[in-house]
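# Coordinates in review
Residue strings, one per chain:
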Amino acid sequence: MAPVIISVANRKGGTGKSTTAVHLAAGIARRGRRTLLIDLDTLGHAGLLLGLQAKPGSVTSHDLITSAGGADLSPAVMDSPVNGLDVICADRNRGPGENGAKPLALRNLLLADENVDRYEAVVIDTAPAYDQSLVVALAASDAVLIPFVPHPLAVEGIRQFMRIALMIRMKLNPGLKSFGMVATQMNQQSALHRHVVESVRHEFGASRLVGAIRSDIQLARCAASHMPIYDLYPASRGASDYHLLTEAVISGWFGTRDVVYAEAAKTSARV
Ligand SMILES: Nc1ncnc2c1ncn2[C@@H]1O[C@H](COP(=O)(O)OP(=O)(O)O)[C@@H](O)[C@H]1O
Ligand SMILES: [Mg+2]
């Protein structure tokens, strides 16, 4: 069966996209569901968070989407320190937007390569920009997860992002059906944070607010250890919140493909 393909995206930088992509992908893999993480951001942070980067001359995600990498994914796939999680690293030597990719490049590759069916999920980390690699990611995806830091401009940022995503759905990918938002770096003591999260829930619907990740310095520490938080700090807030997010995504998006469900809403009830 074809995997569920999830982009983690927001035009704003520093909203926890790479942290979320890595912890969602690792969380799904830890549940025995083989997962492929594709890093489409030339910063390469998703790979680096797992201690991985493309070796000189090796095939990267950017080679694949410009078809310089050939017609199958396997030369680009790397093992990761997490069981059941494979990674395709970004080309960190490429400038942002400097990729000349065709919009359907990744989608066609994922459809054509039969090895892709060994995965239950493909998670794509994206750059904080409206560039060709974002189009490529959304054109390949069934679902998009939008991490946001609950600051006053976050709602407007999500609104703008949703306009792009809906346009890509209309023009390129009618299969892009599921949309979810996750608050990151959340401080539940902050009235402002709670208010912004409420606004997101009100504007986009409770079922679309698929989780909230509290602020946790251990998540930043993991970056230095090149491991997800689950084994390093299993009792931390970050581990607990990413476990809940993973469960919400699996129960919402892995069954049928078209909506975000009540299970996800249950998670958001704890915000
Ligand atoms: N929940 C969190 N609590 C504390 N720090 C976080 C949290 N999520 C992310 N960070 C930190 O915030 C910074 C930006 O996160 P990152 O995932 O790289 O964002 P993006 O990919 O959107 O630019 C990183 O230093 C990361 O360690
Ligand atoms: Mg990033």
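Residues numbered from 1 in each chain as written. Chains lettered and ligands numbered in written order. Predicted model: local features only at pLDDT ≥ 70, side-chain atom pairs only at ≥ 80, totals over all residues. Heavy atoms only, no water.

### Structural notes on the sheet that holds strand β2 (residues 35-39)
- Spatially, eight strands are ordered β3-β4-β2-β5-β1-β6-β7-β8 in an open sheet, and the strand pairing comes out mixed. Bordering the open sheet on either side are β3 (77-79) and β8 (209-214), each of which pairs with just one other strand. Within the sheet, the average angular offset between the axes of one strand and its neighbour, ignoring direction, is 25°.
- Strand direction decides the pairing type here: strand β1 (residues 4-8) and strand β6 (residues 143-148), joined by three bridges, are parallel. Note on β6: the bridge partner recorded for serine 7 is valine 144. (Pairing = 2+ DSSP bridges. Helix = DSSP H or I, 4+ residues; strand = E, 2+ residues; numbered from the N terminus. Axes fitted to C-alpha atoms, helices over the stretch in contact; angles between N-to-C directions.)

### Things to note about the side chain of serine 80
- Here serine 80 lies in the loop between β3 and β4 (85-88).
- A polar contact is formed between the side chain of serine 80 and the backbone nitrogen of valine 82, at a distance of 3.0 Å.
- Here the side chain of serine 80 touches leucine 85 through a polar contact of 2.8 Å, landing on its backbone oxygen.
- Other than its neighbours up to four places away in sequence, serine 80 contacts Leu52, Leu85 and Val87. (Polar contact = N/O pair within 3.5 Å; in protein donor to acceptor, adjacent residues only side chain to side chain. Contact = heavy atoms within 4.5 Å.)

### Comments concerning the confidence of the model for the protein chain
- Summary statistics for the protein chain give a mean pLDDT of 91 and a share of 92% for residues scoring 70 or more.
- Long-range and interchain partners of residues 257-271, a stretch whose pLDDT sits below 50, account for 47 contacts in this model, where long-range means more than four residues apart. (pLDDT = per-residue confidence, 0-100.)

### A closer look at the pairing of β4
- Alternating residues of β4 divide into Leu85 and Val87 and Asp86 and Ile88, and every residue in both groups is buried.
- Where β3 lies against β4, three bridges are found, and the strand directions are antiparallel. When the bridges of β4 are listed, methionine 78 appears paired with valine 87.
- Where β3 hands over to β4, the hairpin turn is made up of five residues, of which glycine 84 adopts a positive phi near 80°. (Buried < 20%, exposed > 50% of the residue type's maximum accessible area, 1.4 Å probe, protein only.)

### Side note on the packing of helix α5 (residues 132-140) against helix α6 (residues 154-171)
- The contact between α5 and α6 brings their axes to 9 Å, and the two run at 60°. On the basis of the axis angle, α5 is oblique to α6. Crossing hand, α5 versus α6: right-handed. In contact with Leu134, Val135, Leu138 and Ala139 of α5, α6 contributes Phe161, Ala165 and Ile168.
- Each residue belonging to the contact of α5 with α6 can be placed in one class, and the counts come to seven nonpolar, no polar and no charged. (Parallel < 35°, antiparallel > 145°, perpendicular 65-115°, else oblique. Left-handed = near helix turned anticlockwise from the far one by under 90°. Nonpolar A, V, L, I, M, F, W, Y, C, P; charged D, E, K, R; others polar.)

### Details of the site of ligand 1
- The environment of ligand 1 is formed by 14 residues, the closest being Gly14, Lys17, Ser18, Thr19 and Asp216.
- Here threonine 15 contributes a backbone N or O atom positioned 3.0 Å from an oxygen atom of ligand 1.
- The fraction of the free accessible surface of ligand 1 (560 Å²) that becomes covered by protein chains is 76%.
- Of all elements in the fold, only α1 (17-30), β8 and α8 (217-225) reach the threshold of two or more residues within the shell around ligand 1.
- The biggest single contributor to the shell around ligand 1 is α1, with three residues.
- In the shell around ligand 1, the residues fall into three nonpolar, eight polar and three charged. (Near = heavy atom within 4 Å. Areas by Shrake-Rupley, 256 points an atom, 1.4 Å probe, with all protein chains shown as cover.)

### Overview of the nonpolar core
- Counting 38 residues, the largest nonpolar core has Ile6, Leu37, Leu85 and Phe254 as the members making the most contacts within it.
- When residues of this core are assigned to their parent elements, the largest contribution, seven residues, is made by α1.
- Leave out the neighbours within four places in its chain, and phenylalanine 254 touches Val4, Ile6, Ile28, Arg33, Glu120, Ala121 and Val249. (Core = buried A, V, L, I, M, F, W, Y, C linked by side-chain atoms within 4.5 Å.)

### A closer look at unusual backbone geometry
- Unusually for a residue other than glycine, glutamine 185 sits at a positive phi of about 50°.
- Judged by relative accessible area, which is 39%, glutamine 185 ranks as partly exposed.

### Some details on the environment of serine 190
- Within the secondary structure, serine 190 is located in the loop between β7 (178-186) and α7 (191-204).
- Classification of serine 190 by relative accessible area gives buried; the value is 18%.
- When the C-alpha atoms of serine 190 and proline 150 are compared, they prove to be 9.8 Å apart, with 40 residues separating the residues in sequence.

### Focus: the pattern of salt bridges
- Applying the stated criterion across every chain, the model contains ten salt bridges.
- Between arginine 33 and glutamate 120 there is a salt bridge, with its nearest N and O atoms 2.8 Å apart. Here glutamate 120 lies in the loop between α4 (105-112) and β5 (121-125) and arginine 33 lies in the loop between α1 and β2, a separation of 87 residues in the sequence.
- Between glutamate 156 and arginine 159 there is a salt bridge, and its shortest N-O distance comes to 2.5 Å. (Salt bridge = Lys/Arg side-chain N within 4 Å of Asp/Glu carboxyl O.)

### A closer look at the state of the cysteines
- As enumerated under the stated definition, the model contains zero disulfides in all.
- The structure places no disulfide on cysteine 89, whose sulfur is separated from the nearest cysteine sulfur, that of cysteine 222, by 18 Å.
- Looking at cysteine 89, the relative accessible area reads 4%, which means it is buried.
- Residue classification places cysteine 222 among the buried residues on the basis of a relative accessible area of 2%. (Disulfide = S-S within 2.5 Å.)

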